[in-house]
Amino acid sequence: MNRPGPDVPTPAERRPSAPGRPERRDPFVAARQRYWHAVRAGRHAPPVRRSPATGGLLTELVEAEYALFDPPSPRPGSASVHDVALARLRSGIRTGDVPSPETCVRAIAGGAHARSAVAAVWPDSLRRHGVHRATAALRGGLSRGRDPETTSFLLDLAAVGRLLPLPGEDLARFARSPHRRVRHAAWRLLVSSGHELPEPPSAAGEHDAYERLLLDALRHPGAAWPGTTGGRPGVLVAQAMLMGSLDRPGEGLSGGLGVLLGALGDSLARTDGIAGVVTAVTACRPELEADPVLLRRRSRGHWILRLPVDSDRPPGPEDMGGHREETAWWAARLLGSLRPRIDVLHVRYSDDGSLALAEAARRIGARLVFTATPDPHRQMTERHGAPGADPVAVRHDLHRVFLGDCLVARADRVVGIAGRDGGAAELLSHFPQLAGSRGTAGIGAPPEGIAPYRPGPGADARSRRLVEPIAAALEDARVPAPTVLLSVGRLHPVKQQDVLVRAWIESGCHEESLLVLVGGSPGTPGPAEDRVRTGVEEALASCPDARNRILMLPALSNSDVRLLERTLADPSSGIRARYVCPSAKEEFGLAVLEAMDAGMLVAGPLRGGVPHYLVDGHNGLLIDTSSVRSLGAGLTRLVRTDDRRAAELARRARLLVGSSYSVGAMARALGDHYRDTADRREDACEGAPPVPASLSGTAALPPAAPRGPRSSRGTSTRARETPEPPPRSSASGPGTGGWSTGPVRRPSSTVW
């Protein structure tokens, strides 16, 4: 479709206004539209328009970040000097104004988000201004005796360029530091520059699983491992799932995406033209101690690669900035050691972990595919536009917007999530730079889907076990003919289980229903889960009667969730059940699709991707989840839909999912994207080297490793360049390799 002019708002740029008044453009979206239009036109962006109804930190930072000139003097307000400096740094990075190494070193004093921006632009700064100037800047930063976080970051910057800013004896001192990040960064720097690792002092004691793996990788780089995919011809694809587990959805950070990528990888591995799939996940220290093996075969042609993370718990998106170079290093090492090597790497989040993997893809010469979504773009003004907004949340969301721009710039192909307009129109509203470089024709939106349901072994016994606590709770609830309201998902503020409980109580639905929440860790919960549980407890404290009518179950396997939904939907169960998704937004809503596929009447959120397939009053209910009151109204409607009507809506929903939303169709569509992406870049590498582009297309990013002609196996016939030799496998077997801290052993058929 044709993109409107820069001053014509699209629906995504408008916000609802008071009845009888025209809709207003979203100021944040409009500022980005004007900014990117000015970048393409090569002129200054007009100033951000501040209305009497807006203000606060968001407006101040948008004024600083989305103007193509330095303001003469900052207005007094909530933004600090570091805030404004970071905003100007990001603006310059977007337009290709590469900062000097001295500017980069000074900027890192601005905190974690500033360090992330510096890491993104550092290779450009190194190439633009030279290694001597960069080395001097790093030497000055390290000599000022900064905190361990800053020291480790400066050492990481040095390792990226293989620079030696200090004499070997000083680096050896850092390598013996009591601070883990400092010594790990020093280890990587020493080895990258060809130095030997010093022996750790005896006082350091026994190394843990993470350090054993790291030292083994650094001290014993070895040959690449052949035959990982079993010899199937085609493109070898890596996909990232850095949040949670593939196998425990609803627990901790694990959610529907993990379930999707597990099934998608299995299906892709069976798709013509795909040699195999490697799904990259994280493994923290306790997980490495329990299981040190890093590479496992999940199914034929589908492998799970665990990237070590030096953390005492699974890292969340907000933690990955502190592990960015570590993650890039491990990903480049491990993915680069596979044979055949990775052709395409696909990332799906706008976070530091995805940008770390994008850097790893550059280092090993793999092509990058990025699924761009307008999150948090579409809610910036609503969340943060008024004075008094949480400053931490404002800064975090602006950081995520910047990371999304970085990933769009680095990606060889950008795809969206399918919507009623093909997904491209809304994406162009929030990523206007795409219109200038690719246009809608270059933005794919492959369909999403779910794996076919398979009951698995012992389904009857498992079904009885799953329903028992619900049946017992129904007896204790003492509500005549109650409805079971089922909601499944990880306990997280964006999933709004606490808001759901308040809405359930305040609407009076607790008097005629049993609320069943499935999700959460059986062990120690994380901070986000704690906040939700606290909110639920506060809501229940206000209504003692409701406490006997709510059942909170820990996370179940995806197989058990789908079996439970089918059991509740079966009329023979004698249970009147409905499904509700109370999320503030869902980009697509795979759990909603699974409930529809089970035959339940489903209510899903108006915001996000659910309206793409759920039509209100036709195959389910769309509800406003933006407030307790509106969610309560939606719950009332869900509970009071008569059974005959509910059965008809559920029947239509089940038919739709079965006919249009299969993971096989998704795999075939993505397979086409992956093959085309690999082929296009291979063709470009046949002649002159491709001209790299910055975020605006005006300055160079670090070039990818060169690639030769593709062989019949879908991989290069000439070796790719990697910054360092691939690591040695300490547990190997025929046809593949795997990393372990244990003794050398022959692997089984599934553990390598």
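It should be emphasised that the depicted structure is a prediction, and the values quoted were computed from it without experimental measurement.

With that settled, consider the overall build of the protein. The helix and strand inventory of the protein stands at 27 helices and 18 strands. Here the protein, with 752 residues, has 58% of them falling under the buried criterion. Of the roughly 29,700 Å² that the protein leaves accessible, carbon and sulfur atoms contribute 53%.

This brings us to the pairing of strand β15 (residues 601-605). Of all five residues in β15, five are buried, a share of seventy percent or more. As defined by bridge partners, strand β14 (residues 576-580) adjoins β15 across three bridges and the pair is classed as parallel. Within β15, the residue paired with Y579 across the bridge is V602. In this region the chain leaves β14, passes through helix α24 (residues 590-598) and returns to the parallel neighbour β15; the handedness of that crossover is right-handed. Sheet analysis places β15 next to strand β16 (residues 621-623), joined by three bridges and oriented parallel. Along β16, the bridge assignment pairs G604 with L622.

Attention shifts here to the sheet that holds strand β3 (residues 235-240). Within the open sheet, the eight strands sit side by side as β5-β6-β4-β3-β7-β8-β9-β10. Their pairing is mixed. Strands with a single pairing partner mark the edges of an open sheet, and in this sheet they are β5 (295-299) and β10 (443-444). Examined bridge by bridge, strand β9 (residues 413-415) and β10 share two bridges and lie parallel to one another. Among the inter-strand pairings, V414 is bridged to a residue of β10, identified as I443. Along the sheet face, helix α14 (residues 352-364) touches β3, β6 (302-308), β7 (344-347) and β8 (367-371) and points at about 170° away from the line of β7. Relative to β8, helix α16 (residues 391-410) is tilted by about 140°, and along the sheet it contacts β7, β8 and β9.

Turning to the pairing of β6, a few remarks are in order. Here β6 lies mainly inside the structure; seven of its seven residues are buried. By the alternation rule, side chains of β6 split into H302, I304, R306 and P308 and W303, L305 and L307, which are all buried. The sheet contact formed by β5 and β6 spans four bridges and is antiparallel. Of the residues in β6, the one forming a bridge with L295 is L305.

On to the confidence of the model for the protein. For the protein, the mean per-residue pLDDT works out to 81, and 78% of the residues sit at or above 70. For residues 684-694, every residue scores under 50 in pLDDT, and the model assigns this stretch 16 contacts once sequence neighbours within four places are set aside. The low-confidence segment residues 696-752 (pLDDT under 50) makes 187 contacts with residues lying over four places distant or belonging to another chain.

As a further point, take helix α3 (residues 81-95). Its 15 residues place the ends of α3 22 Å apart at the C-alpha level, agreeing with the 21 Å of an ideal helix rising 1.5 Å per residue. Taken together, the buried positions of α3 are D83, L86, A87, R88, L89, R90, S91, G92, I93 and R94. Tucked into the core, α3 has its buried residues touching α1 (27-41), α2 (56-65), α4 (101-107), α5 (112-129) and α16. Backbone geometry just downstream of α3 places G96 in the positive-phi region, at approximately 85°.

Read from one edge of the open sheet, six strands run β13-β12-β11-β14-β15-β16, paired in parallel fashion. With one partner strand each, in any of the chains shown, β13 (550-553) and β16 form the two edges of the open sheet. Strand-to-strand twist across the sheet, computed as the mean angle between neighbouring axes with direction ignored, equals 25°. Where strand β11 (residues 483-488) and β14 come together, four bridges link them in parallel fashion. Looking across to β14, one finds that L486 is bridged to Y579.

Counting through the fold element by element, Y66 comes out in the loop between α2 and α3. Counting along the chain gives 31 residues from Y66 to Y35, while the straight-line C-alpha distance between them is 5.8 Å. For Y66, the side chain forms a polar contact with the side chain of R94, separated by 3.1 Å.

All right, on to the pattern of salt bridges then. Opposite charge on two side chains lets them pair, provided their charged atoms get close. Tallied over the full model, the rule gives 43 salt bridges. As a salt-bridge pair, R183 and E211 come within 2.9 Å of each other at their nearest N and O atoms. Pair noted here: R183 is in helix α9 (residues 180-192) and E211 is in helix α10 (residues 209-219), with a separation of 28 residues, a long-range link. In this pair, the class of R183 matches that of E211, namely buried. D319 is paired through a salt bridge with R313; the nearest N and O atoms lie 3.3 Å apart.

Our next topic: the nonpolar core. Of all hydrophobic cores here, the largest spans 89 residues; its most connected members are L155, L335 and I342. When neighbours within four sequence positions are excluded, L335 is seen to be in contact with A238, V278, L305, W330, I342 and I364. Membership of the second largest hydrophobic core comes to 62 residues, among which are V277, L568, A577 and A595.

Attention now moves to unusual backbone geometry. Cis geometry marks the peptide bond from R339 to P340; its omega dihedral reads -5°. Inspection of the secondary structure puts P340 in the loop between α13 (324-336) and β7. For the peptide bond that leads from D375 to P376, omega is 15°, which places it in the cis range. As for its position among the elements, P376 is in the loop between β8 and α15 (380-384). Even without glycine at this site, R162 takes up a positive phi of about 55°. Along the chain, the position of R162 falls in the loop between α7 (148-161) and α8 (168-175). The partly exposed category is assigned to R162, whose relative accessible area is 42%. Phi angles above zero are rare outside glycine, and Q496 is one such case at about 65°. In this structure, Q496 sits in the loop between β11 and α20 (497-506).

Another point: the side chain of R566. In this fold, R566 is placed in helix α23 (residues 558-569). Apart from residues no more than four positions distant in its own chain, R566 is found in contact with Y453, D597, A598 and R654.

Each value, and the rule that gives it
In every chain, residue numbers begin from 1 and rise along the written sequence. Reporting in this predicted model follows two pLDDT cut-offs: at least 70 for local features of residues, and 80 or more for side-chain atom pairs to be given and counted; totals over whole chains, interfaces and linings ignore these cut-offs and use all residues. Here the side-chain values reflect all heavy atoms present in the structure, with hydrogen atoms and water set aside. Secondary structure counts use DSSP, requiring at least four H or I residues in a row for a helix and at least two E residues in a row for a strand, with both numbered from the N terminus. Here's how the labels work: a residue is buried when its accessible area is under 20% of the maximum for its type, exposed when over 50%, partly exposed in between, all with a 1.4 Å probe on protein chains only. Under the convention used here, a 1.4 Å probe and the Shrake-Rupley method define accessible areas, while residue burial counts only the protein chains that appear. A pair of strands is treated as paired once DSSP finds two or more bridges between them. Seen with the strands pointing away from the viewer, any crossover whose path from the first strand over the helix to the second strand runs clockwise is right-handed. Throughout, a residue-residue contact means that at least one pair of heavy atoms, one from each residue, lies within 4.5 Å. Fitted lines through C-alpha atoms give the axes, limited to the stretch in contact for helices. The angle between two N-to-C directions lies from 0 to 180 degrees. Each residue carries a pLDDT score, the predictor's own confidence in it, on a scale running from 0 to 100. Expected helix span is taken as 1.5 Å per residue step, with the number of steps being one fewer than the number of residues. Identification of polar contacts relies on pairs of N or O atoms within 3.5 Å, with a donor-acceptor requirement for protein atoms, meaning one able to donate a hydrogen and the other able to accept it, and with residues adjacent in sequence counted only if both atoms are side-chain atoms. Whenever Lys or Arg places a side-chain nitrogen within 4 Å of a carboxyl oxygen from Asp or Glu, that contact is recorded as a salt bridge. We define the nonpolar core as a collection of buried residues of types Ala, Val, Leu, Ile, Met, Phe, Trp, Tyr and Cys that are connected through side-chain atoms lying within 4.5 Å of one another.

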